[in-house]
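Residue-level listing of the chains:
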Amino acid sequence: MDYPRGLAGVVVDQTKISSTAGAHLTYAGYPIEELSEASFEEVVFLLWNTRLPNEQELYDFRADLVSKMVLPAETIRLLLYIAKEPQHPMSILRTTTSLLGTTNDVEHDEPPKILAKMLTAIAAILRIRDNEPLIAVDPNLNVVENFLYMIKGKRPDRKLTKMFSSVMILQADHEFNASTFTARVVASTFADYYSCLTAAVSALKGPLHGGANERVFEMIEEIEKEQIDPKDFVELQLKKKRKIMGFGHRIYKNGDPRAFILEEIAAELAPETGNKQYLKIQQALAKYMLERFGLHPNVDYYTALIYHCLGLDKSVFTMIFATCRTAGWLAHIMEQRRENCLIRPNSEYVGPTNQHYLRKESEE
Ligand code: SDX
């Protein structure tokens with residue numbers, strides 16, 4: 001019997017959180033093109049409640065999230081110990097996520113507190129790795145302003161906050177992608193939230209999934225440094241049977257709707273931050289990939305340049321992606337828990353049969 005590779009095209013469950021039907025991305029029915037103008041907190045509320053908050057709800061939700069961004073002293077001590085480990089930042093995030101909840105938290109923490117802690121923990125990991133002092137949450141700033149403030153050590157201007165908020169919203173959810181489905185499988189066993197998130201972080205790390213953005217930037221750095229024609233680079237990689245990271249998608253065959261918006265943000269940010277050359281390379285590469293192979297950029301392609309323009313090191317790009325996607329992961333974990341049904345598919349056995357084990361005399 002033929003089985004679809006990687007469950008391609010197989011509908012395994014229903015969800016009310018997001019949809020890519022018709023290659024259009026919507027969160028609870030709202031087109032992503034419209035939502036990238038909303039606030040991150042509005043979109044998180046939407047993903048978690050399948051409706052937008054009214055004014056009072058948004059005010060209370062934002063205040064609650066910001067208040068929960070303060071990490072307890074024991075968590076800070078843990079981060080000071082873990083963050084300097086000579087490991088990949090996503091391995092550090094996996095460890096952090098699994099330890100973010102003390103025994104009591106693991107049983108009692110709810111999504112707002114978990115998301116808030118993840119944001120602050122990731123900002124803290126970045127600061128510790130850069131030997132920078134940790135920044136305390138500012139109750140007068142919103143969630144995205146605080147996240148950027150705690151990473152950069154200075155309060156972001158309105159334009160940067162708006163841009164980064166759009167990037168976070170665009171990456172917040174994407175129906176049953178590999179890391180989200182991983183989180184749902186773990187949630188279906190009624191494991192705690194932190195265990196579900198640890199599994200999702202592990203899945204996102206892979207280069208075919210969230211790990212692609214780091215490799216995208218390595219690629220454009222190499223093209224720039226070696227002064228290679230992007231076309232020659234592509235042909236060389238393909239000859240070595242290597243994928244061109246940041247292109248192609250399981251669902252989007254005529255372009256990732258997020259990539260179009262992200263290219264606009266990159267096109268605005270790159271010239272302002274002295275990264276025009278990288279933008280030129282990316283646009284030339286994208287043009288060639290489309291003409292030669294009909295392959296479009298995906299969400300990881302331009303986020304790589306945007307993160308670089310924000311002064312982030314490529315080794316932490318996937319960790320930033322995980323920050324944004326934690327909102328979606330938590331929405332799916334809650335939805336799966338409400339389903340109250342273990343995910344356990346069948347398989348067709350095609351291995352050897354009728355084998356018998358005979359003990360050898362020598363072993364008598
Ligand atoms: C994300 O699922 C999601 O929604 C994920 C995500 C999310 O928001 O959660 O959108 C985030 O993970 C984006 C993808 C990031 N990964 C990459 O950029 C890695 C490079 N991309 C490819 O590995 C590939 O596109 C996949 C794995 C992402 C999807 O592969 P599929 O499902 O086979 O579909 P496709 O149309 O993209 O590829 C069909 C064929 C490939 O066949 P295989 O080798 O996979 O059997 O087209 C060729 C290739 O022959 N191809 C490529 C290519 N992408 C497709 N060849 C070279 N380089 C590429 N980038």
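Residues numbered from 1 in each chain as written. Predicted model: local features only at pLDDT ≥ 70, side-chain atom pairs only at ≥ 80, totals over all residues. Heavy atoms only, no water.

- The name recorded for the protein in an unreviewed UniProt entry is Citrate synthase, from Liquorilactobacillus hordei DSM 19519.
- We quote the UniProt Catalytic activity (unreviewed entry) comment for the protein here in full: "oxaloacetate + acetyl-CoA + H2O = citrate + CoA + H(+)".
- Taken directly from UniProt, the Pathway (unreviewed entry) text for the protein runs: "Carbohydrate metabolism; tricarboxylic acid cycle." (UniProt positions renumbered as here; feature names shortened; annotations may be inferred.)

**Structural notes on the UniProt feature "active site" (unreviewed entry) in the protein**
Stage number 1. The feature "active site" (unreviewed entry), as annotated in UniProt, sits at H249 and D300 in this numbering. Look at the named residues: they lie 52 residues apart in sequence, but the longest C-alpha span between them is just 10.5 Å, so in the fold they bunch up.
Stage number 2. Topologically, H249 is positioned in the loop between α13 (230–239) and α14 (257–272).
Stage number 3. In this structure, H249 is in contact with H174, D256, R258 and N298, ignoring residues within four places of it in sequence.
Stage number 4. A polar side-chain atom of H249 sits 2.9 Å from the main-chain amide nitrogen of I251.
Stage number 5. Note that D300 resides in helix α16 (residues 299–309).
Stage number 6. Contact partners of D300, with chain neighbours within four places excluded, come to H209, G210, A212, N213, V216 and F321. (Helix = DSSP H or I, 4+ residues; strand = E, 2+ residues; numbered from the N terminus. Contact = heavy atoms within 4.5 Å. Polar contact = N/O pair within 3.5 Å; in protein donor to acceptor, adjacent residues only side chain to side chain.)

**Some remarks on the site of the ligand**
Stage number 1. Lining the immediate surroundings of the ligand are 23 residues, of which H174, K243, R250, K253 and R258 lie closest.
Stage number 2. A distance of 2.6 Å separates an oxygen atom of the ligand from a polar atom in the side chain of H174.
Stage number 3. At a separation of 2.6 Å, an oxygen atom of the ligand approaches a polar side-chain atom of K253.
Stage number 4. Relative to its unbound accessible surface of 1000 Å², the ligand loses 75% to contact with the protein.
Stage number 5. When residues of the shell around the ligand are assigned to domains, at least three map to each of domain 1 (18–206 + 316–338) and domain 2 (212–309). (Near = heavy atom within 4 Å. Areas by Shrake-Rupley, 256 points an atom, 1.4 Å probe, with all protein chains shown as cover. Domains from an automatic or database assignment.)

**What about a nonpolar patch on the surface?**
Stage number 1. A cluster of nonpolar side chains, contributed by L7, V10 and V12, occupies part of the molecular surface with about 230 Å² of accessible area.
Stage number 2. Looking at the secondary structure, you find V10 in the segment before β1 (18–19). (Patch = residues over 30% accessible without salt bridge, like charges linked within 9 Å, V, L, I, M, F, W, Y side chains within 5 Å. Salt bridge = Lys/Arg side-chain N within 4 Å of Asp/Glu carboxyl O.)

**A look at the environment of Q87**
Stage number 1. Inspection of the secondary structure puts Q87 in the loop between α4 (73–82) and α5 (89–99).
Stage number 2. For the pair formed by Q87 and A8, sequence separation is 79 residues and the distance between their alpha carbons is 33 Å.
Stage number 3. Ignoring any residue separated from it by four or fewer positions in sequence, one finds Q87 in contact with I92 and R129.

**Quick notes on the side chain of E335**
Stage number 1. Among the structural elements, E335 can be located in helix α17 (residues 317–339).
Stage number 2. E335 gets classed as buried once you look at its relative accessible area, which sits at 9%.
Stage number 3. With residues up to four places along the chain from it excluded, the contact list for E335 reads Q14, T15, K16, I17 and R184. (Buried < 20%, exposed > 50% of the residue type's maximum accessible area, 1.4 Å probe, protein only.)

**What about the packing of aromatic side chains?**
Stage number 1. On inspection of all chains with the given rule, the structure shows ten aromatic pairs.
Stage number 2. Measuring from centroid to centroid gives 5.1 Å for F217 and Y278, while their planes differ by 65°, and the two rings are edge-to-face. Of this pair, F217 sits in helix α12 (residues 212–226) while Y278 sits in helix α15 (residues 276–293), placing them 61 residues apart in sequence.
Stage number 3. Its relative accessible area of 2% is what places F217 among the buried residues.
Stage number 4. On the basis of an interplanar angle of 55° and a centroid distance of 4.5 Å, the ring pair of F247 and Y301 is categorised as tilted. Placement of F247 in the loop between α13 and α14 and of Y301 in helix α16 is noted, with a sequence separation of 54 residues between them.
Stage number 5. F247 sits in the buried class, given a relative accessible area of 11%.
Stage number 6. The class for Y301 is buried, based on a relative accessible area of 0%.
Stage number 7. What links up through ring pairs into an aromatic cluster is the set F147, F164, F217, Y278, Y307 and F317.
Stage number 8. Between the NZ or CZ atom of R337 and the centre of the ring of Y193, over which it lies, the distance is 4.2 Å. (Phe/Tyr/Trp six-rings, centres within 6.5 Å; stacked < 30°, edge-to-face > 60°. Lys NZ or Arg CZ within 6 Å of the ring centre and 35° of its normal.)

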